[in-house]
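Structural overview
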Amino acid sequence: MSVLGTDLALEAAQMQTKTTRLTSRPGLEVRRRERGGYALTAMDLTDPHRAAELQRPVGKYITMELGPYLHRQRDFFARGAGCIARELAALLPEGEGPTLVVGLGNRSLTADAVGPLALPHILVTRHMLWAMPEEFAGFSSVAALATGVLGETGLESSELIAAAAEKLRPRCIIVLDALAAATREKLCAVLQLTDTGLTPGSGVGNHRKEVSRRTLGVPVLALGLPTVIRAEQLVGEETPAEGEPLFVTPRDIDQRVRELSRMMAYGIDLALQPHLTVEDITGLLG
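The following paragraphs examine the structure supplied in this document. (Residues numbered from 1 in each chain as written. Predicted model: local features only at pLDDT ≥ 70, side-chain atom pairs only at ≥ 80, totals over all residues. Heavy atoms only, no water.)

A word on the pairing of strand β6 (residues 172-181). In terms of burial, β6 is largely enclosed, as ten of its ten residues are buried. As paired strands, strand β4 (residues 99-103) and β6 are joined by five bridges and run parallel to one another. The partner of Val102 across the bridge, within β6, is Val175. Across nine bridges, the pairing between β6 and strand β8 (residues 220-230) is parallel. Paired with Ala180 across the strands is Val228, a residue of β8. (Buried < 20%, exposed > 50% of the residue type's maximum accessible area, 1.4 Å probe, protein only. Helix = DSSP H or I, 4+ residues; strand = E, 2+ residues; numbered from the N terminus. Pairing = 2+ DSSP bridges.)

Written out as structure tokens, the structure reads:
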């Protein structure tokens, strides 16, 4: 079975096994847990043959269900950011270098603006550590980059990231991006964290160069939000109609992308600066 059309490893595994309740099997360990009221499904994909079946690289994949956010439960934002931070911190490699946070996507297209909208909420400290080392002692060094899109810059996102990484020599790169889902239930309803990097545009058939440790020589963590689904998947057609594919998003996509991009950014901030609180970050960001 083809699992193209989704960027979500959990969804790909569900489609391949034809079950929504995954269990561990050789080459694929599945664990479920809850953090701050948010349900998590962690998948460790270790076998290359199993990975080939799912059309995913070997690595760790964590799917965070956004129930508390969707139901506007008490403190959903702080609990969500804290959940992202704890899961992301567990994936961060050791090292003393800076962390490069990259926002992928098109700011002018709401469904693709997850990365650009998240970056203003990233606590960038690299320049402050240079300018005021005593005041920022204890902070991790963080730099941020918005790559734009090929049609505007003439440069592949991977080329810009590689150039920045060559200059910074970061301990790791964290990329934020919009993803494609294969089922409507996943749209703006889950987040995916992985240590395998990503291929921008793969879920919508617009494959760009892979952004991963293999291509950059630096550990790459990816945090993504599914915002679109192919129209033919939504209506259950087996083959797409002729012409350009159509994509569907939730009608409140503007609000969801804006809010969840901020939550994702705060999660990264808390993972990189664990001595801070949500309130501290808000104050420092101004």
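Here the focus is the pattern of salt bridges. Across all of its chains, the model carries eleven salt bridges by this definition. With a closest N to O distance of 3.0 Å, Arg31 and Asp44 form a salt bridge. Of this pair, Arg31 sits in strand β1 (residues 28-35) while Asp44 sits in strand β2 (residues 38-45); the two residues are 13 residues apart in sequence, bridging distant segments of the chain. By relative accessible area, Arg31 is classed as partly exposed at 32%. (Salt bridge = Lys/Arg side-chain N within 4 Å of Asp/Glu carboxyl O.)

Although it is not a glycine, Lys18 sits at a positive phi angle of roughly 60°. Its location among the elements puts Lys18 in the loop between α1 (9-17) and β1. Backbone geometry places Cys188, a non-glycine residue, at a positive phi of 50°. Exposure remark for Cys188: the relative accessible area of 0% places this residue in the buried category.

At a minimum axis distance of 10 Å, the contact between helix α11 (residues 253-272) and helix α12 (residues 278-285) shows a crossing angle of 105°. When the interaxial angle is binned, α11 and α12 end up roughly perpendicular. Along its contact with α11, which presents Arg262, Tyr266, Asp269 and Leu270, the element α12 presents Val278, Ile281, Thr282 and Leu285. Of the residues assigned to the contact of α11 with α12, the class counts are five nonpolar, one polar and two charged. (Axes fitted to C-alpha atoms, helices over the stretch in contact; angles between N-to-C directions. Parallel < 35°, antiparallel > 145°, perpendicular 65-115°, else oblique. Contact = heavy atoms within 4.5 Å. Nonpolar A, V, L, I, M, F, W, Y, C, P; charged D, E, K, R; others polar.)

The next thing to look at is the side chain of Arg56. Tracing the backbone through its elements, the reader meets Arg56 in the loop between α2 (48-54) and β3 (59-65). Buried within the structure, Arg56 lacks any salt-bridge partner; Asp7 is the closest side chain of opposite charge, at an N-O distance of 5.7 Å. For Arg56, the side chain forms a polar contact with the main-chain oxygen of Thr6, separated by 2.6 Å. (Lys, Arg positive; Asp, Glu negative; His and termini not counted. Polar contact = N/O pair within 3.5 Å; in protein donor to acceptor, adjacent residues only side chain to side chain.)

Turning our attention to the environment of Thr249. Looking at where Thr249 falls in the secondary structure, it is placed in the loop between β9 (247-248) and α11. When its relative accessible area of 31% is taken as the criterion, Thr249 is described as partly exposed. Note: C-alpha distance between Thr249 and Pro120 (129 residues apart in sequence) is 24 Å. Setting aside its immediate chain neighbours within four residues, Thr249 contacts Ala111, Thr227 and Val228.

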